[in-house]
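Here are the chains, one letter per residue:
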Amino acid sequence: MQVAVVKEVFPGERRVALVPAAVPALAKLGLAVRVESGAGVAAGFSDDEYRAAGASIVSRDEAFAADCVLSVRSCGACGEGWCADRDRLRPGVVLVGMCDPLTAFDACREAADRGASVFALELVPRITRAQSMDVLSSQANIAGYRAVLLAANALPRILPMMTTAAGTLTPAKVLVLGAGVAGLQAIATAKRLGAQVSAYDVRPAVKEQVQSLGAKFVELPLETGASETAGGYAKAMGEEFYAKQRELLGKVVADSDVVVCTALIPGQKAPVLVTADMVARMRPGSVIVDMAAERGGNCEGSRPDQTVVVGGVTILGPTNLPAEAPFHTSQLYSKNVVTFLTHLVKSGLPEVALDDEICRDTLVAKGGAIVHPKIRERAGLPPLEPPAASPSQPA
Ligand code: NAD
């Protein structure tokens, strides 16, 4: 079986799906690895390194002629580049990558129409045995780190307390909203840089994790008993809840030099946690990094990939922070891909073991149709008969 790694075509995407060090692991599985020329260059990996690891360097067309194509961004996640790649698909080809299947389902349908099998890595179930395949976690972790560095660079003050002969500087106050994977890493990074860190999350279970990183957990008198799904994600709360939350958060936000927003609800628009009015109450020079900007934003006024300055407050809306540390994010993503592919191969690829939760939950398209129940529902398609087993991934 031939496996190919393609060069990413999405603007600004610098990651690569497989690093040279991972080639031998695939060879051990009996897979021959092709790498599109230049695929790893933006992440710091040359064609020669892939060659030395045992891969053959090929053109994009040759890469798409392989049995399985690996990418960071595939289908709806690779932007306008998808149109050209869609026409390269052969019936039976297996695509593995992040596909944005819950929102960009049209591209998945186009891949299905061409007979491709599509595995969307965003849908890897968050279960213990799939932890090393979890691309959302591996990438969000580094994104949280980068968000704090962005804030530190944009801030007209330093983060740590500093006692010098010329006087003592007080530490910056950093508030992290949403303490999932990205948020916890943002807290840890801000702590390492010496800031005074506090954090808030709607899921009460997070309090201990925040405190274990040495940050203060912001307690709000809100009824949050029903805020967590069985899978550990936040549930969408009513508008009344969010209004109350914003009111209570106002003072904490106004008192912060940096706010890092990471709050998300899977498959939905991000909740607004910081209003324009709250921004207006912040000190000029303060910085907000809205990591949810691409999903509508946690902060009113944030714009995807833009810097907005309102009343002296800088609002950043980065949408692809993992691409800013491509050497390491590619290394982690590559490990996720190898573990996932190993699982697929051991489960009988090109057949798909639908009795296995990991294979079933990630399979979006096969045999000319979208087969994932949730994505069929989103795309307005009727359920398949007999209905496919329901995935465990909340979406
Ligand atoms: P996410 O990106 O969906 O959301 C980020 C955070 O925003 C979450 O902590 C969420 O509770 C929070 N949030 C949502 N609405 C909010 C609001 N109104 N106010 C404040 N915060 C709000 O989440 P994630 O980072 O992907 O992780 C979610 C959960 O999944 C965590 O419990 C994490 O531990 C768990 N997880 C499990 C595994 C595993 O078992 N393999 C792997 C990764 C993550």
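Parameters and conventions
- Residues numbered from 1 in each chain as written.
- Predicted model: local features only at pLDDT ≥ 70, side-chain atom pairs only at ≥ 80, totals over all residues.
- Heavy atoms only, no water.
- Helix = DSSP H or I, 4+ residues; strand = E, 2+ residues; numbered from the N terminus.
- Buried < 20%, exposed > 50% of the residue type's maximum accessible area, 1.4 Å probe, protein only.
- Expected span 1.5 Å × (residues − 1).
- Contact = heavy atoms within 4.5 Å.
- Pairing = 2+ DSSP bridges.
- Axes fitted to C-alpha atoms, helices over the stretch in contact; angles between N-to-C directions.
- Parallel < 35°, antiparallel > 145°, perpendicular 65-115°, else oblique.
- Nonpolar A, V, L, I, M, F, W, Y, C, P; charged D, E, K, R; others polar.
- Near = heavy atom within 4 Å.
- Polar contact = N/O pair within 3.5 Å; in protein donor to acceptor, adjacent residues only side chain to side chain.
- Areas by Shrake-Rupley, 256 points an atom, 1.4 Å probe, with all protein chains shown as cover.
- Left-handed = near helix turned anticlockwise from the far one by under 90°.
- Phe/Tyr/Trp six-rings, centres within 6.5 Å; stacked < 30°, edge-to-face > 60°.
- Lys NZ or Arg CZ within 6 Å of the ring centre and 35° of its normal.

**Observations regarding unusual backbone geometry**
Looking along the chain, the bond that leaves Leu349 and enters Pro350 is cis, with omega of 15 degrees. Along the polypeptide, Pro350 turns up in the loop between helix H11 (326-346) and helix H12 (357-362). Its identity as a non-glycine residue notwithstanding, Cys75 has a phi of 45 degrees, on the positive side. Mapped onto the elements, Cys75 comes out in the loop between strand S4 (68-73) and helix H4 (82-86). We classify Cys75 as buried; its relative accessible area is 1%. Of note in the backbone geometry, Asp305 takes a positive phi value of approximately 60 degrees without being a glycine. Relative to the helices and strands, Asp305 resides in the loop between strand S13 (287-290) and strand S14 (307-310).

**A closer look at helix H7 (residues 181-192)**
Helix length check: H7, at 12 residues, gives a terminal C-alpha distance of 17 Å against a target of 16 Å (1.5 Å per residue), a fit within 8%. For H7, a buried count of 9 out of 12 residues is recorded, marking the element as mostly surrounded by other parts of the structure. Among the residues of H7, Ala182, Gly183, Leu184, Gln185, Ala186, Ile187, Ala188, Thr189 and Ala190 are the ones counted as buried. Buried positions along H7 lie against helix H6 (135-154), strand S9 (173-177), strand S10 (196-200), helix H8 (207-212) and strand S12 (258-261).

**Regarding the sheet that holds strand S1 (residues 2-5)**
Taken together, the 8 strands give an open sheet; going across it, the order is S3-S2-S1-S4-S5-S6-S16-S17, and neighbouring strands pair in mixed fashion. Of all the strands in the sheet, the pair left with one neighbour each is strand S3 (56-58) and strand S17 (369-370).

**So, the packing of H6 against H11**
It is the contact of H6 with H11, at a shortest axis distance of 9 Å, that shows an interaxial angle of 170 degrees. For the element pair H6 / H11, the angle class is roughly antiparallel. In this structure, H6 contributes Val135, Ser138, Gln139 and Ile142 to the contact, and H11 contributes Thr329, Leu332, Tyr333 and Asn336. Among the residues making up the contact of H6 with H11, the classes are represented as 4 nonpolar, 4 polar and no charged.

**With respect to the site of the ligand**
Within the structure, the ligand sits among 24 residues, and Arg126, Ser137, Val181, Asp201 and Arg203 are positioned closest to it. Measuring from an oxygen atom of the ligand, one finds a side-chain N or O atom of Arg126 at 2.5 Å. Interatomic distance of 2.7 Å between a side-chain N/O atom of Arg203 and an oxygen atom of the ligand. Protein coverage of the free-state accessible area of the ligand, which is 840 Å², stands at 85%. Each residue belonging to the shell around the ligand can be placed in one class, and the counts come to 13 nonpolar, 7 polar and 4 charged.

**Re the environment of Ala21**
Relative to the helices and strands, Ala21 resides in the loop between S1 and helix H1 (23-28). Linking Ala21 and Gly54, residues 33 residues apart in sequence, is a C-alpha distance of 9.9 Å.

**A few points about the packing of H6 against H7**
With their axes 7 Å apart at the nearest point, H6 and H7 run at an angle of 40 degrees to one another. Between H6 and H7, the angle is such that the two are oblique. The handedness of the crossing between H6 and H7 is right-handed. Between H6 and H7, the residues in contact are Ser137, Ala140, Asn141, Gly144, Tyr145, Val148 and Leu149 and Val181, Ala182, Gln185, Ala186, Thr189 and Ala190, respectively. Grouping the constituent residues of the contact of H6 with H7 by class yields 8 nonpolar, 5 polar and no charged.

**Examining the sheet that holds S12**
The strands that make up a sheet are held in pairs by hydrogen bonds between backbone atoms, and each pair lies either parallel or antiparallel. Read from one edge of the open sheet, 7 strands run S11-S10-S9-S12-S13-S15-S14, paired in mixed fashion. The open sheet is flanked by strand S11 (216-217) and S14, the only strands paired with a single partner. Across 4 bridges, the pairing between S14 and strand S15 (residues 313-316) is antiparallel. Each bridged residue has a counterpart across the sheet, and for Val309 the counterpart in S15 is Thr314. Along the sheet, helix H9 (residues 239-254) contacts S9, S10 and S12; its crossing angle with S9, the most-contacted strand, is approximately 160 degrees.

**Regarding the packing of aromatic side chains**
Enumeration over the complete set of coordinates arrives at 4 aromatic pairs. Where Phe45 meets Phe327, the ring centres are 4.9 Å apart and the plane angle is 20 degrees; that geometry is what we call stacked. One end of the pair, Phe45, is in the loop between strand S2 (32-36) and helix H2 (47-52); the other, Phe327, is in helix H11, with 282 residues separating them in the sequence. On the accessibility criterion, Phe327 (40% relative accessible area) is partly exposed. Centre to centre, the rings of Phe119 and Phe340 are 5.8 Å apart; their planes meet at 70 degrees, and the pair counts as edge-to-face. Taken together, the residues span a long stretch of sequence, with Phe119 in strand S6 (residues 117-120) and Phe340 in helix H11 at a distance of 221 residues. Across this residue pair, the class does not change: Phe119 and Phe340 are buried. We note Arg73 situated over the ring of Phe10; from NZ or CZ to the ring centre the distance is 4.0 Å.

Keep in mind these numbers describe shape, not what the thing actually does.
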